[in-house]
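One-letter residues, chain by chain:
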There are 2 protein chains.
Amino acid sequence: MPVGTNATVKAIGPEALEELGFPMILANTYHLFLRPGYEIIRAAGGLHGFTGWKGNFLTDSGGFQIFSLSALRKLGEEGVRFRSHIDGASKFISPEEAVEAQTAFNSDIQMQLDVCSPWGIGEAEARSASDLTTRWAARAKARWLVKRDEGYKGELFGIVQGNFSKSLRERSSAEIAALDLPGIAIGGLSVGEPFEVFSDFLSYTSALLPEDKPRYLMGIGTPDYILEAVENGIDLFDCVYPTRTARNGLIFTTGGPIAIKKAVFERDFGPLDPTCGCKVCRDHSRAYLRHLYKCEEILYAMLATYHNLYFLHDFVARIRESVRRGEFPTFKRGFLAEYRSGGEQSISTAP
Amino acid sequence: MPVGTNATVKAIGPEALEELGFPMILANTYHLFLRPGYEIIRAAGGLHGFTGWKGNFLTDSGGFQIFSLSALRKLGEEGVRFRSHIDGASKFISPEEAVEAQTAFNSDIQMQLDVCSPWGIGEAEARSASDLTTRWAARAKARWLVKRDEGYKGELFGIVQGNFSKSLRERSSAEIAALDLPGIAIGGLSVGEPFEVFSDFLSYTSALLPEDKPRYLMGIGTPDYILEAVENGIDLFDCVYPTRTARNGLIFTTGGPIAIKKAVFERDFGPLDPTCGCKVCRDHSRAYLRHLYKCEEILYAMLATYHNLYFLHDFVARIRESVRRGEFPTFKRGFLAEYRSGGEQSISTAP
């Protein structure tokens, strides 16, 4: 899922996203809760009516952003008080209000309010965050059932936390699974830990989840993390990575990402990626994209975003095909070997 | 002609411009001369090859921008020395080099290097700028004929100057017309003078021009200036106005421009302009555009630019139709009455 924080994926419209073939995008409850506020989105006919996007919306609950963006947050059993990063206004959100907001958005998939804890904290703090997330999941479920009774059709996913403690991950997985929600997310990974730790906790946690529910790994990611996720049975992921890096000058190619600002591209009149079938690669050159980037032109962001999303969509389609054929391990090895090969047009692989 | 300063119309791609129906866009020689430089554009196959735009390009000569953007310019008979507004580098351009650059661009229409003088200067200074422009026109023509012999297919337009002196305008018109170039532009209007002065000098100058050549009024404009231009037999005009004002929050409607940031649009779920047939008006609301504007989202610039260009293209198509039917005066009166009507959704008309 491309990320559309403010009810827009940055630098690309709904029409192009549909053309690219994405069935679902993510929007951030935290941002939309603050601006324009969920009453306006409800009045507009939910996020679909507000934005014109005909595909599905998954909305996060705002928990992650409250902990990463807002100042002076105060966490309690009831919910969390925080200051808006926009105007400093004091706001409060509870698990129930997160459901109310996402129901007003008419989200196709909504997420429970959770407490995401960072890499490197102690066991007691990790346990407290994880246990509170479970209690909030139960409260979110109760309010979601009321909304379903009132006619809301969207799903609610619970979130497994537990930081980097296997016993906490085990307890959280069991408790969230017991709530029998339509889907389960793994939260609190890719929060600063080394790749090996990420990989270890992903496979450990994933193995604990019910086989018959969609699994969503939050905040992933880069091609290597996506491959790791698929290998561990993950069905959904989201990340700002393809669109944010596009705007910052990083272009995906099968031979690895390239930094478009480099002087070597000044007279490179070939496509961004010679193996890519997208319309940006058909109509435009590296030299033109570099020129637009250097001039800080909006069209640069538009074209780079389109290409990176096309690349990622195509990448996931190829993963899916390799899984169907039972050739995923071969695909993974081959893709990574080429993606990490570097070569004259490439820089080192990205975050 | 929409303006594509850096070889891109800001916030819109070539595909959408073609869809909107524009046959020609303008690019700025001054900017492209400095970045990426005309040798790169030549190597890319001219501006068409560099940008992927399949329509026509008109390029200005850089004169206007040298006088408005660069520091420490020094004007001489030979040409003009100036400092780049990007990196301060000292540069020199002559009438001949302006032709070389625009030939490297493979511009469909190129403009001679001219000296644009501002509103409010004395007769001597005005005469000096106007006479130098005429001498430069002859030099530009000589070099252009060489380029034509070498296979270049583009046209060269001369530029009438003369500031706000009718005798200078008369002399400049006669001398530029005598060069018998494929088209003639009127420069040095809309440079700070009151509308009545603009209108007076436009009609005075226009009446002096040959009937059988296309006439181009540079740097126009707003709907009222465009109507004035058409009334005086002008065939071509360009301006950053529709795209720049779009990015700045001003949306064209038949009832007059609206400032999208206004609180009154917070819950206005209707289209930008109820009478508009563009896809932005079909798919999106004022409330959504206002939200995107407040969030400084790139999609705002994309949608507002598309709508304003659609509006202006449609406006000119309606002018053309009214001229064909012999109903231009009626159309002009009706359009302006509605455009200036204001109403609850409007602010005062723009620059």
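Small disclaimer: the values here were computed from a predicted structure and weren't measured.

K.L.:
Sorry, what's going on with the overall build of chain A here?
P.N.:
What chain A contains, in helices and strands, is 15 helices and 12 strands. Taking 20 Å as the expected radius of gyration for a compact globule of 351 residues, we find that chain A reaches 21 Å, a close match to that expectation. With 351 residues in all, chain A has 58% of them scored as buried. Sequence-distant contacts, at least 24 apart, represent 66% of the contacts inside chain A between residues at least 6 apart. Separation between the mean location of the 39 positive side-chain charges and that of the 43 negative ones in chain A comes to 3 Å.

K.L.:
What am I meant to see in the interface of chain A and chain B here?
P.N.:
When the parts come together, some accessible area is lost, and that loss is often what is quoted as the size of the interface. Of the residues lining the interface, 37 residues belong to chain A; the matching set on chain B comes to 37 residues. Linking chain A to chain B there are four salt bridges. Close ionic contact of Lys10(A) with Glu297(B) constitutes a salt bridge, the shortest N to O distance being 2.6 Å. Only α1 (14-20), α3 (38-43), α4 (46-51), α12 (279-283), α13 (286-294) and α14 (298-324) of chain A provide two or more residues apiece to the side of chain A that touches chain B. Residues belonging to the side of chain A that touches chain B are distributed by class as follows: 19 nonpolar, seven polar and 11 charged.

K.L.:
When you look at the sheet that holds strand β6 (residues 109-111) of chain B in this model, what are you seeing that I'm missing?
P.N.:
In sheet architecture, strand pairing relies on hydrogen bonds along the backbone and comes in two forms, parallel and antiparallel. Residues and elements named next belong to chain B. The sheet built from seven strands is open, its strands ordered β1-β2-β6-β7-β8-β9-β10 with parallel pairing. Only two strands of the sheet have a single partner each, and these edge strands are β1 (24-27) and β10 (236-237). Of the strand pairs in this sheet, β6 and strand β7 (residues 155-160) are connected by three bridges, and their pairing is parallel. Bridge pairing links Ile109 to Glu155 in β7. Each of β7 and β8 (183-186) touches helix α8 (residues 166-178); the most contacted strand, β7, lies at about 160° to it.

K.L.:
What's the story with the side chain of Gln102(A) in this structure? I'm lost.
P.N.:
Residue and element names in this part refer to chain A. Inspection of the secondary structure puts Gln102 in helix α6 (residues 95-104). There is a polar contact of 2.8 Å between the side chain of Gln102 and the backbone oxygen of Met111. Discounting chain neighbours no more than four positions away, the residues touching Gln102 are Thr29, Thr59, Asp60, Ser61, Ser107, Gln110, Met111 and Tyr152.

K.L.:
Looking at this structure, I do not really get empty space enclosed by the protein. What am I missing?
P.N.:
Over the atoms rolls a probe the size of a water molecule, and in doing so it shows where empty space is left. Evaluated as defined, the whole model comprises two cavities of 30 Å³ or more. When its volume is computed, the largest cavity comes out at roughly 70 Å³. Around the largest cavity, the lining comprises 13 residues; the ones closest to its centre are Thr8(A), Val9(A), Pro14(A), Leu17(A) and Ile25(A). Classifying every residue of the lining of the largest cavity gives 10 nonpolar, three polar and no charged. A volume near 50 Å³ is recorded for the second largest cavity. Forming the walls of the second largest cavity are 13 residues, and the residues nearest its centre are Tyr288(A), Ala7(B), Thr8(B), Val9(B) and Pro14(B). Looking at side-chain class alone, the lining of the second largest cavity contains 10 nonpolar, three polar and no charged residues.

K.L.:
Can you walk me through the layout of surface pockets in this structure?
P.N.:
Residues and elements named next belong to chain B. The space that makes up the largest pocket amounts to roughly 1100 Å³. Lining the largest pocket are 44 residues, and of these Phe64, Gly219, Cys239, Val240 and Arg244 sit closest to its centre. Among the elements of the structure, α5 (63-69) and α11 (241-247) are those that each provide at least two residues to the lining of the largest pocket. When residues in the lining of the largest pocket are grouped by element, the largest group, five residues, is from α5.

Definitions and cut-offs
- Residues numbered from 1 in each chain as written.
- Chains lettered and ligands numbered in written order.
- Predicted model: local features only at pLDDT ≥ 70, side-chain atom pairs only at ≥ 80, totals over all residues.
- Heavy atoms only, no water.
- Helix = DSSP H or I, 4+ residues; strand = E, 2+ residues; numbered from the N terminus.
- Rg over C-alpha atoms; globule rule 2.2 N^0.38 Å.
- Buried < 20%, exposed > 50% of the residue type's maximum accessible area, 1.4 Å probe, protein only.
- Contact = heavy atoms within 4.5 Å.
- Lys, Arg positive; Asp, Glu negative; His and termini not counted.
- Charge placed at Lys NZ, Arg CZ, Asp CG, Glu CD.
- Salt bridge = Lys/Arg side-chain N within 4 Å of Asp/Glu carboxyl O.
- Nonpolar A, V, L, I, M, F, W, Y, C, P; charged D, E, K, R; others polar.
- Pairing = 2+ DSSP bridges.
- Axes fitted to C-alpha atoms, helices over the stretch in contact; angles between N-to-C directions.
- Polar contact = N/O pair within 3.5 Å; in protein donor to acceptor, adjacent residues only side chain to side chain.
- 1 Å grid on protein atoms, 1.4 Å probe; cavity = no way out; pocket = protein on both sides within 12 Å on 5 of 7 lines; lining within 4 Å.
- Points joined across faces, edges and corners; volume = space filled by probe spheres on them.

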